[in-house]
Amino acid sequence: MTNLPKNAVTWFSIPATDFEKSISFFQGLLGVELIRDIHGEGDDAMPFAMFPKEGEDGVSGAVTPADRIKPAAGGVLIYLACNDIDGALERVDSLGGALLTPKTPLPGDMGDIAVVADCDGTPIGLHQV
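Definitions and cut-offs
Residues numbered from 1 in each chain as written. Predicted model: local features only at pLDDT ≥ 70, side-chain atom pairs only at ≥ 80, totals over all residues. Heavy atoms only, no water. Phe/Tyr/Trp six-rings, centres within 6.5 Å; stacked < 30°, edge-to-face > 60°. Helix = DSSP H or I, 4+ residues; strand = E, 2+ residues; numbered from the N terminus. Buried < 20%, exposed > 50% of the residue type's maximum accessible area, 1.4 Å probe, protein only. Pairing = 2+ DSSP bridges. Axes fitted to C-alpha atoms, helices over the stretch in contact; angles between N-to-C directions. pLDDT = per-residue confidence, 0-100. Salt bridge = Lys/Arg side-chain N within 4 Å of Asp/Glu carboxyl O. Core = buried A, V, L, I, M, F, W, Y, C linked by side-chain atoms within 4.5 Å. Contact = heavy atoms within 4.5 Å.

Right, let's get into the packing of aromatic side chains. The full count for this structure, using the stated rule, is four aromatic pairs. Look at Trp11 and Phe48: their rings are 6.4 Å apart centre to centre, the planes differ by 85 degrees, and that puts the pair in the edge-to-face class. One end of the pair, Trp11, is in strand E1 (residues 11–16); the other, Phe48, is in strand E3 (residues 46–50), and 37 residues separate them in sequence. Consider the rings of Phe25 and Phe26, whose centres lie 5.0 Å apart with planes at 90 degrees: the pair is edge-to-face. What makes Phe25 buried here is its relative accessible area of 1%. A network of ring pairs unites the aromatic residues Phe12, Phe25, Phe26 and Phe51 as a single cluster.

This brings us to the sheet that holds strand E5 (residues 79–81). Strands sit in the order E5-E8-E7-E6 across an open sheet of four strands; the sheet is mixed. Each end of this open sheet is capped by a strand with a single partner; those strands are E5 and strand E6 (98–105). Direction aside, the axes of adjacent strands within the sheet are offset by 25 degrees on average. Taken together, the five bridges between E6 and strand E7 (residues 112–117) define a ladder with antiparallel strand orientation. Residue Leu99 lies in a different strand from E7, and its bridge partner there is Val116.

Glancing now at the confidence of the model for the protein chain. Mean pLDDT for the protein chain: 91, with 98% of residues reaching 70 or above. The element-level mean pLDDT for the protein chain is lowest in E1, coming to 92, with helix H2 (residues 85–91) highest at 98.

With that settled, consider the sheet that holds E3. With mixed pairing, four strands are arranged side by side in an open sheet as E1-E4-E3-E2. Two strands lie at the open edges of the sheet, namely E1 and strand E2 (35–39), each paired on one side alone. Each adjacent strand pair in this sheet contributes to an overall mean axis angle of 30 degrees, direction not counted. Pairing of E3 with strand E4 (residues 60–65), which is carried by two bridges, proceeds in the antiparallel orientation. Looking across to E4, one finds that Ala49 is bridged to Val63.

Pairing between side chains of opposite charge can happen when the charged atoms of each approach one another. As enumerated under the stated definition, the model contains two salt bridges in all. The residue Asp86 makes a salt bridge to Lys103 at a minimum N-O spacing of 3.1 Å. Residue Asp86 is located in helix H2, and its partner Lys103 is located in strand E6; the two are separated by 17 residues in the primary sequence. Using a relative accessible area of 40% as the deciding quantity, one classes Asp86 as partly exposed.

Residues Phe26, Leu29, Phe51, Val63 and Leu126 are the most contacted members of the largest nonpolar core, which totals 24 residues. Elements represented by at least two residues in this core include exactly E1, helix H1 (19–30), H2, E7 and strand E8 (123–128). Here this core takes six residues from H1, the largest share from any one element. Aside from chain neighbours lying at most four places away, what touches Phe26 is Ile14, Gly31, Leu34, Phe51, Val63, Leu80, Asp118 and Ile124.

What follows is the structure, given as structure tokens:
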């Protein structure tokens, strides 16, 4: 193939049954401010809260209301960049989430990962380089 994408992932969406609670969960967990916006207009308008990224080439995604896509405990597992994985794991319970897989070192200089359940029970990976 000659038209390979720069990144395998271009966008992700984390559905939330309680939109505001989920935004607070991820902001508290990762220590970042999500960027609020609305996609579409009128009856098709959908609010979202986008994860910040550095530069135009970075991949991002958003928390979205669970109107069209429902939270799930199975399926694809995404990993979010996390600058302070130890701090995030200390905060996860108080934010309404749960630790699913403890901090685990990756081989070489690839960093550490952990998996938490968000406040809707959806598994989310954390990756600290």
